[in-house]
Amino acid sequence: MLEEGLSYPLNGDSALGRIIIGGLLGFGSFLIVPAIALMGYLVWVLDGAARGEEEPPAFENWGDMIVDGLKATAVTIVYGIIPFVLVFLSVFVIAGGTASGSDTGMGILGGIGLLGMLVSVVAMFLLYYLIPAALTNMALEDSFGAAFDFGTIKQVILTGDYLVAWLIPFVLAALMNVVVFLLAVTVVGLIVVPFIQFYVQVAAFYMFGVAFGKVVDVSGAVSEDGAAI
């Protein structure tokens, strides 16, 4: 899976052009719209990989891409509400314990708050594990609600293929951060960073999509033009 994932962004005749466009979108992510478009493109990568397509999608139909990026962003926000609330409540409880002025109160509330922070960290890891499957199902079904079809999502995330697809990008991301740190020392290196990040993102999302496609029958999924496949 790793070898296929790393070679996937280079498949096709337009590989260089795609990487340049993706890197430029990453470079302009601070403008928000490019970041949303990039997110939409990665959703398309999930969709194509799950269907067994050998080449990454082309950068076209930008309107649809941005819409899919907005939907993916909304899905991420909805799933992220739980850990965000846990962090907020934990900080509130810790602050309440500090304000109480009582050693007993500080100890109890501080302990509860730290436990809440720990739970929120675990929740973040679980969401990082779950969200790619949710986005893939959304893309395949062409439905925002499919991102919350927990029956299908559970079927996928409990498989060994999906676990491997999660672990490899996790390691790749760690290695990429080291490379990015080293490159950021120079101006030229800093310019190259968004292109490397895009390459790794496409490879990682490809692996997620392939793992999903191995578990779920995508033959009845809906294509972008609304036709059954």
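Reading the values: the criteria
- Residues numbered from 1 in each chain as written.
- Predicted model: local features only at pLDDT ≥ 70, side-chain atom pairs only at ≥ 80, totals over all residues.
- Heavy atoms only, no water.
- Helix = DSSP H or I, 4+ residues; strand = E, 2+ residues; numbered from the N terminus.
- Buried < 20%, exposed > 50% of the residue type's maximum accessible area, 1.4 Å probe, protein only.
- Contact = heavy atoms within 4.5 Å.
- Salt bridge = Lys/Arg side-chain N within 4 Å of Asp/Glu carboxyl O.
- Core = buried A, V, L, I, M, F, W, Y, C linked by side-chain atoms within 4.5 Å.
- Arc of directions from axis to C-beta.

This part covers the environment of M124. For M124, the location among the structural elements is in helix α5 (residues 103-141). Under the relative-accessibility criterion, M124 is labelled partly exposed at 48%. For the pair M124 and G80, spaced 44 residues apart in sequence, the C-alpha separation works out to 7.6 Å.

Attention now goes to the side chain of D47. Tracing the backbone shows D47 in helix α3 (residues 33-50). A relative accessible area of 9% means that D47 is categorised as buried. Ignoring any residue separated from it by four or fewer positions in sequence, one finds D47 in contact with A139 and L140.

This part covers the environment of E4. Positionally, E4 belongs in helix α1 (residues 2-7). Look at E4 and you get partly exposed, because its relative accessible area is 47%. The sequence separation of E4 and A203 amounts to 199 residues, and the corresponding C-alpha distance is 8.3 Å.

So, on to the pattern of salt bridges. A complete count under the given rule lists three salt bridges for this structure. In this structure, D68 engages K71 in a salt bridge whose closest nitrogen and oxygen atoms are separated by 3.5 Å. You can see D68 and its partner K71 sitting in helix α4 (residues 62-100), three residues apart, about one turn around the helix. With its nearest N and O atoms 4.0 Å apart, the salt bridge here joins K71 to D142. Taken together, the positions of K71 in helix α4 and D142 in the loop between α5 and α6 (150-157) put the pair 71 residues apart, joining distant regions of the chain. What makes D142 partly exposed here is its relative accessible area of 40%. A network of salt bridges, in which partner residues are shared, links D68, K71 and D142.

Let us now look at the nonpolar core. Judged by nonpolar contacts, the single largest core of 53 residues is most densely connected at Y79, L135 and Y162. Only α2 (15-27), α3, α4, α5, α6, α7 (160-183) and α8 (187-215) provide two or more residues apiece to this core. Aside from chain neighbours lying at most four places away, what touches Y79 is L127, L130, I131, A134, A147, F148, F150 and I153.

Taken together, the buried positions of α6 are occupied by T152, I153, V156 and I157. Looking down the long axis of α6, one finds its buried residues gathered within 125° of arc, a one-sided arrangement. More than 90 degrees from the buried face of α6, the exposed residues found are G151 and K154.

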